[in-house]
Amino acid sequence: MLPSSTASYTPLYTGNGKAQGRSSSWLTNLRRPVLFLPIGCATLLVLVFMSKSASLPASLHNSVDRIVSAGSNLKAGGGGKAGSGAGGEWDCNPFEAKGRLQVDVETPTNTKWVPFDTTCAPSSYMSSLWRADGDVTPIIPTAGMNSKQVSGGREYLPWLMNRTVVIHGDSIDRFHLKDFCALINGRLFVVSPDHPASPAPYRQPYFAVLDKDGEETEESKQAHEDREAREHIWEGRPRDGVELTSPWVCDVEEYGFTILSVFTFGLEGAENFFQTERWYYPPATWVDRLQAITMPLLEGLAKHLNRPEITTPDMVELNSGYWDLRRYTEEDFTAAGWTSRPYPEDSQLPYSNLSPEREQGWEREARKAIKEAARSFRGKDGSFRSGPALVWRALHQPPARHNYAPFPRVSALDGLNMKVIQDLQEEYASSHRGANRPQDHPDEGSAADDLGLDERLRVNNAGHLLKGQEHHFRDLLHPAALPGSYLWGDVMLYE
């Protein structure tokens, strides 16, 4: 479900439920096999043979994580969503449990992530929203209907009413949103530059460079003139191609649910490589696009759709990765003497390791971006900690060779993604307990701000769960609607 202001911190790769998600030292130690494997095995055997109702194969099928979760639950004095009970939906997070992706392209509602642990139930909210082409049956109760069930056996999702999800990402996210909208027969539209909700064209701040006499240098004047000329070209050119990088919106009118996607060109941008492309418009950097496009877009859409709640979204999905990798590829080929695209697909240049300098630079900018988002989206009470969940979308491996998303670099950068998330979660968890305040880093703002990233920051790992589905891609990078976007929608709705 979408988060409330009291959302719990969820670790990255465990089988634990949201209510058992907080870090604890005994849980960390329990996962050290050298010290605790004998104890864990003995405990498992005792539980198996004490249970009269469980057969040995069924018990072994369920993971040891269930024991860890049960212990954590006892230590917390209960757990899961209030009233969920044993085996309830919130006793575990199925998308963090080991399992397999069940795919049915003929009957999409059968598509779901199924944990191997049979006591961890799958979650498939998409089945309550999916409608086939031409299906106009209601997805919320109407007069005379059961308040819990609607037509087609769908479950009514009251918590989805009047919610807003913001996505700040790339073309993966654009396809996710467009596919999601098509799968549920929502109303899809693009916020082109002429749309009434579109933010004003971006103007790069101008800072004159002065000489020793306090006069602006000729180089500074020329740079300013060149910039103004480029901005004039960007604003006056034909609109073909602009839909590739313009914001998109899916309006689920029955629920009053709004989901919007804003395109980014990577953390640091690469305007020098893309400025002549028909789909490029400024600003270039991730943070600048957040402030110049995403934030004013929320105000514009709130007025356009007459939904003031859009200005305080309930969840914000973040991502950067493939455009950062593309920038590295552009730099590598340019340094090797290539002056134009396309680059040779059989080249090994982009398949070399990421340098420590690139890794450190990406980590620095990712931390800065996440903290900027945390400060930008506050809770309804004005505090950072009560702000909406910030969900980082994990990367997936492309199904084939791709210069802009080379296998080893995708894997390395995705690992760095997860490190940044975990580091920030742990820093703020420690600070919230009063142990240590988050580390000071240049350009990350005041470390004294309680951004609540231990509770707010999560991961949509749908990309990881697509492993083995390389035959279900629409091209060399983008997953197909089924199972890719359908699974993404399931995880997004669960979070």
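Residue indices follow the written sequence of each chain, beginning from 1 at its first position. Only residues with pLDDT of at least 70 are given local features in this predicted model, and only at 80 or more are side-chain atom pairs given and counted; all residues enter the totals for whole chains, interfaces and linings. Heavy atoms throughout the structure, all of them, feed into the side-chain values; hydrogens and water do not.

**Let's talk about the sheet that holds strand 9 (residues 457-460)**
Sheet strands pair by backbone hydrogen bonding; their relative direction is either parallel or antiparallel.
Alright, step 1. Any two strands with at least two DSSP-identified bridges between them are counted as paired. For the purposes of this entry, the term helix denotes a DSSP run of H or I that reaches at least four residues, the term strand denotes a run of E that reaches at least two, and both are numbered from the N terminus. Reading across from one edge, 4-5-6-3-7-8-9 is the order of the seven strands in this open sheet, with mixed pairing throughout. Looking along the sheet, the strands with just one partner apiece sit at the ends: strand 4 (187-190) and strand 9. Strand after strand, the sheet turns through a mean of 20° between neighbouring axes, direction not considered.
Alright, step 2. Taken together, the four bridges between strand 7 (residues 315-318) and strand 8 (residues 389-393) define a ladder with parallel strand orientation. Bridged to Met315 within strand 8 is Ala389. Each axis is a line fitted through C-alpha atoms, and for a helix only the stretch in contact is used; angles between axes span 0 to 180 degrees, taken between their N-to-C directions.

**Digging into the pairing of strand 7**
Sheet faces and side chains relate simply in a regular strand, where the side chains alternate between the two faces.
Alright, step 1. For the exposure calls, accessible area comes from a 1.4 Å probe over protein chains only, and a residue counts as buried if that area is under 20% of its type's maximum, exposed if over 50%, partly exposed in between. Residues Met315 and Glu317 line one face of strand 7 and the alternating positions Val316 and Leu318 line the opposite face, and both faces are buried.
Alright, step 2. The sheet contact formed by strand 3 (residues 164-169) and strand 7 spans four bridges and is parallel. The partner of Val165 across the bridge, within strand 7, is Met315.

**Observations regarding the pattern of salt bridges**
Alright, step 1. Here, a salt bridge means any side-chain nitrogen of Lys or Arg that lies within 4 Å of a carboxyl oxygen of Asp or Glu. This model, assessed by the stated rule, comprises 30 salt bridges.
Alright, step 2. A cluster of three or more residues bridged by salt bridges with shared partners is formed by Glu268, Arg327, Glu331, Asp332, Arg358 and Arg409.

**Concerning the pairing of strand 5 (residues 248-252)**
Alright, step 1. Of all five residues that make up strand 5, five are buried, and the element is covered over most of its length.
Alright, step 2. Side chains Trp248, Cys250 and Val252 of strand 5 all project onto a buried face; the interleaved residues Val249 and Asp251 project onto the opposite face, where all are buried too.
Alright, step 3. Two strands pair when backbone bridges link them, and strand 4 and strand 5 are joined in this way by four bridges, in the antiparallel orientation. In the sheet register, Val190 faces strand 5, and the bridge partner there is Trp248.
Alright, step 4. Sheet analysis places strand 5 next to strand 6 (residues 257-263), joined by five bridges and oriented antiparallel. Residue Val252 lies in a different strand from strand 6, and its bridge partner there is Phe257.

**Section: the environment of Phe377**
Alright, step 1. Within the secondary structure, Phe377 is located in the loop between helix 10 (356-376) and strand 8.
Alright, step 2. Residue classification places Phe377 among the buried positions, given a relative accessible area of 2%.
Alright, step 3. For the pair Phe377 and Leu390, spaced 13 residues apart in the sequence, the C-alpha separation amounts to 9.2 Å.
Alright, step 4. Filtering out sequence-adjacent residues up to four positions away, Phe377 remains in contact with Leu290, Thr294, Met295, Leu298, Pro313, Val316, Gly387, Pro388 and Arg456. It only takes one pair of heavy atoms within 4.5 Å for two residues to be counted as in contact.

**Brief notes about the side chain of Ser128**
Alright, step 1. Along the chain, Ser128 turns up in the loop between strand 2 (112-115) and strand 3.
Alright, step 2. By the criterion applied in these results, polar contacts are pairs of N or O atoms within 3.5 Å in which, for protein atoms, one can donate a hydrogen and the other can accept it, and in which residues neighboring in sequence qualify only through two side-chain atoms. A polar atom in the side chain of Ser128 sits 3.3 Å from the backbone oxygen of Glu155.

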